[in-house]
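Coordinate analysis (summary)
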Amino acid sequence: MQQTIFTTLSINDLWFMMEGAAKTLWLTFWGALLGTCLGAVLGWIKTLDNWLLTSPVNMVTDVLRSVPLLIQFVLWSSGLGILGFNLDVFHISVIALSLYMAAYVSEVVRGGILAVPTVTRKAARSLGMTYWQDLRYVVLPIGTGIVLPAWIGLVLGLMKDTSLVAVIGYIELLRASQIIINRTQEPILVLLGAGIFYFALGYPISKLSGRIKTQGAY
Amino acid sequence: MIVIEDLHKSFGSLEVLRGVTMTVQKSEVVVVIGASGSGKSTLLQCINGLEPIQGGRIEVDGVEVHAPKTDLNKLRRKIGIVFQQYNVFPHLTALENVTLAPRKVLGTSREEAREMGLAQLKHVGLLDKADVYPRALSGGQQQRLAIARALAMKPGYMLFDEITSALDPELVGEVLDTLRMLSHEGMTMICVTHEMGFAREVAHRIVFFDEGVICEEGPPAELLDNPQQPRTRQFLRQVR
């Protein structure tokens with residue numbers, strides 16, 4: 001009698017994994033969007049000649065970059081709970097991912113701003129452009145071209161890191177796969193499927209990066 | 001008119017300009033020569049307020065450059081500057097390089113800016129390169145583009161900071177030709193350069209900088225052929 005608690009893979013499992021993949025994509029989207037916006041501001045602050053602003057930013061981003069993301073998820077999850085914020089797992093995940101992403105983006109942005117030659121910026125100012133016009137019309141476009149490949153690398157990393165939110169109970173692609181594995185005892189097949197999903201999400205992003213690299217910076 | 005009085009400028013503990021006094025009249029072409037590190041480039045960047053100063057004063061058309069109340073963004077429109085390299089905006093075409101500041105700073109309309117931009121490019125012989133990105137331009141063309149871009153703001157003064165020093169020798173000529181053209185048009189210019197032949201030909205006055213002060217100045221023929229100061233003689237022997 002083969003009838004056990006284990007059942008074979010079905011089309012429903014595929015749907016379940018696709019749902020997980022969609023959540024992975026959604027987490028990546030929000031983490032990348034919020035993390036990039038915040039990271040851009042933090043990175044800009046890091047280039048300012050004002051230690052009152054730069055030192056706290058450096059300290060926070062150093063912490064965010066050195067504490068493993070897995071631990072950050074657990075700490076945000078329990079910490080926000082203790083502080084009385086009643087957030088669901090998705091929002092906690094987005095908060096943790098965004099801050100983690102922002103810390104890395106800030107370094108990339110700082111590097112991008114500093115990579116714009118001082119003389120080019122002085123040339124802009126010498127034409128009567130204000131600090132903000134220089135930032136908007138000269139530093140932003142030149143710097144973006146310089147940092148885009150690195151930023152895409154960060155987004156790819158972020159997408160893979162979303163799998164860690166499983167520890168706080170969010171059912172994204174990897175957690176969905178684990179659930180199916182528990183039921184079907186088909187780890188190789190299911191993980192292969194999960195791998196294909198991750199690849200399908202990540203490949204277009206890395207392809208884009210390759211195209212930008214071959215176009216080259218100026 | 002540019003009036004510089006007892007100008008002092010330091011980078012940290014290093015005093016680069018140690019009391020410079022000079023005046024540049026309208027339509028005058030002043031060439032500044034001197035060894036590397038003598039403060040020539042710093043002087044230019046002080047004139048349009050790109051660098052703060054530690055003492056003395058600079059006046060451009062009666063406006064004190066480093067006075068707290070001075071609107072530097074407004075003042076800088078009057079003073080064009082071209083640097084040794086990395087002048088042009090790499091992400092913009094030649095025409096966009098020229099029209100960016102007029103459009104954003106002066107609020108010139110797109111069509112008007114385009115017309116004026118093309119005229120400036122023609123002026124420096126780059127009309128056929130209007131839609132080309134700087135990476136496809138030679139070093140000499142990039143410098144001429146930088147000149148056109150500065151001229152687009154209709155400045156009263158042009159400052160040139162060793163603009164041929166980073167160029168291959170065969171490209172120097174075309175850039176110097178552009179400067180000659182400007183001097184014939186009556187542009188007020190301060191040129192920092194090591195091109196002695198150009199200095200002799202174009203300058204109304206040559207100023208020799210040594211260790212942050214003006215060591216000697218005078219008309220080209222006098223200063224180059226009959227220098228009074230031992231330091232000037234020594235420098236001129238070295239560059240020849």
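Here goes a summary of the coordinates provided. Every value quoted in this text rests on a predicted model; they were computed, and no experiment measured them.

1. What to know about the overall build of chain B
Along the backbone of chain B there are nine helices and ten strands. The C-alpha radius of gyration computed for chain B amounts to 18 Å, which stays within 12% of the reference 18 Å derived for 240 residues, consistent with globular compactness. On the principal axes, the C-alpha backbone points of chain B span a range of 55 × 45 × 30 Å. Put simply, 61% of the contacts in chain B that link residues at least 6 apart link residues at least 24 apart.

2. Section: the overall build of chain A
Secondary structure summary: chain A contains eight helices and zero strands in total. Written out in order from the N terminus, the α and β elements of chain A read α-α-α-α-α-α-α-α. When the backbone C-alpha atoms are referred to their principal axes, chain A occupies close to 85 × 45 × 20 Å. Within chain A, the proportion of its 218 residues that are buried is 37%. The contacts in chain A between residues at least 6 apart in sequence include a share of 80% that link residues at least 24 apart.

3. A closer look at the interface of chain B and chain A
Accessible area lost on assembly of the parts is the figure often given for the size of an interface. Listed as interface residues are 20 residues of chain B and, on the opposing side, 18 residues of chain A. Of all elements in the fold, only helix 2 (72-76) and helix 3 (94-106) of chain B reach the threshold of two or more residues within the side of chain B that touches chain A. The biggest single contributor to the side of chain B that touches chain A is helix 3 of chain B, with four residues. Tallied by class, the residues present in the side of chain B that touches chain A amount to ten nonpolar, five polar and five charged.

4. A look at the pairing of strand 6 (residues 79-82) of chain B
Both faces of the sheet carry side chains from a regular strand, because those side chains alternate between them. All names here are of chain B. Burial along strand 6 is two-sided: I79 and I81 facing one way and G80 and V82 facing the other are all buried. Inspection of the sheet shows strand 6 paired to strand 7 (residues 157-161) by four bridges, in the parallel sense. Note that in strand 7 the partner of G80 across the bridge is M158.

5. Considerations on the packing of helix 3 of chain B against helix 5 (residues 139-151) of chain B
Residues and elements named next belong to chain B. Packing of helix 3 against helix 5 leaves a shortest axis separation of 8 Å and a crossing angle of 30°. What the angle tells us is that helix 3 and helix 5 run roughly parallel. In this structure, helix 3 crosses over helix 5, and the sense of that crossing is right-handed. Between helix 3 and helix 5, the residues in contact are A94, N97 and V98 and L145, A148 and R149, respectively. By residue class, the composition of the contact of helix 3 with helix 5 is four nonpolar, one polar and one charged.

6. A word on the sheet that holds strand 4 (residues 55-60) of chain B
All names here are of chain B. In spatial order, the strands read 2-1-4-5; together these four strands make up an open sheet with antiparallel pairing. The open sheet has two edge strands, strand 2 (14-24) and strand 5 (63-64), and neither has a second partner. For strand 4 and strand 5, the ladder comprises two bridges, and the chain directions are antiparallel. Counterpart to E59 in the pairing with strand 5 is E64.

7. Description of unusual backbone geometry
Leaving glycine out, the prevailing phi sign among residues is negative, and the prevailing peptide bond configuration is trans. Residues and elements named next belong to chain B. Residues other than glycine seldom take positive phi values, yet Y86 does so here, at roughly 60°. Examined against the element boundaries, Y86 turns out to sit in the loop between strand 6 and helix 3. Phi is positive for E211, which is not a glycine, with a value near 50°. Looking at where E211 falls in the secondary structure, it is placed in the loop between strand 9 (205-210) and strand 10 (213-218).

Criteria and thresholds
Residues numbered from 1 in each chain as written. Chains lettered and ligands numbered in written order. Predicted model: local features only at pLDDT ≥ 70, side-chain atom pairs only at ≥ 80, totals over all residues. Helix = DSSP H or I, 4+ residues; strand = E, 2+ residues; numbered from the N terminus. Rg over C-alpha atoms; globule rule 2.2 N^0.38 Å. Contact = placed C-beta atoms within 7 Å. Buried ≥ 20, exposed ≤ 12 C-beta atoms within 10 Å, placed from the backbone. Nonpolar A, V, L, I, M, F, W, Y, C, P; charged D, E, K, R; others polar. Pairing = 2+ DSSP bridges. Axes fitted to C-alpha atoms, helices over the stretch in contact; angles between N-to-C directions. Parallel < 35°, antiparallel > 145°, perpendicular 65-115°, else oblique. Left-handed = near helix turned anticlockwise from the far one by under 90°.

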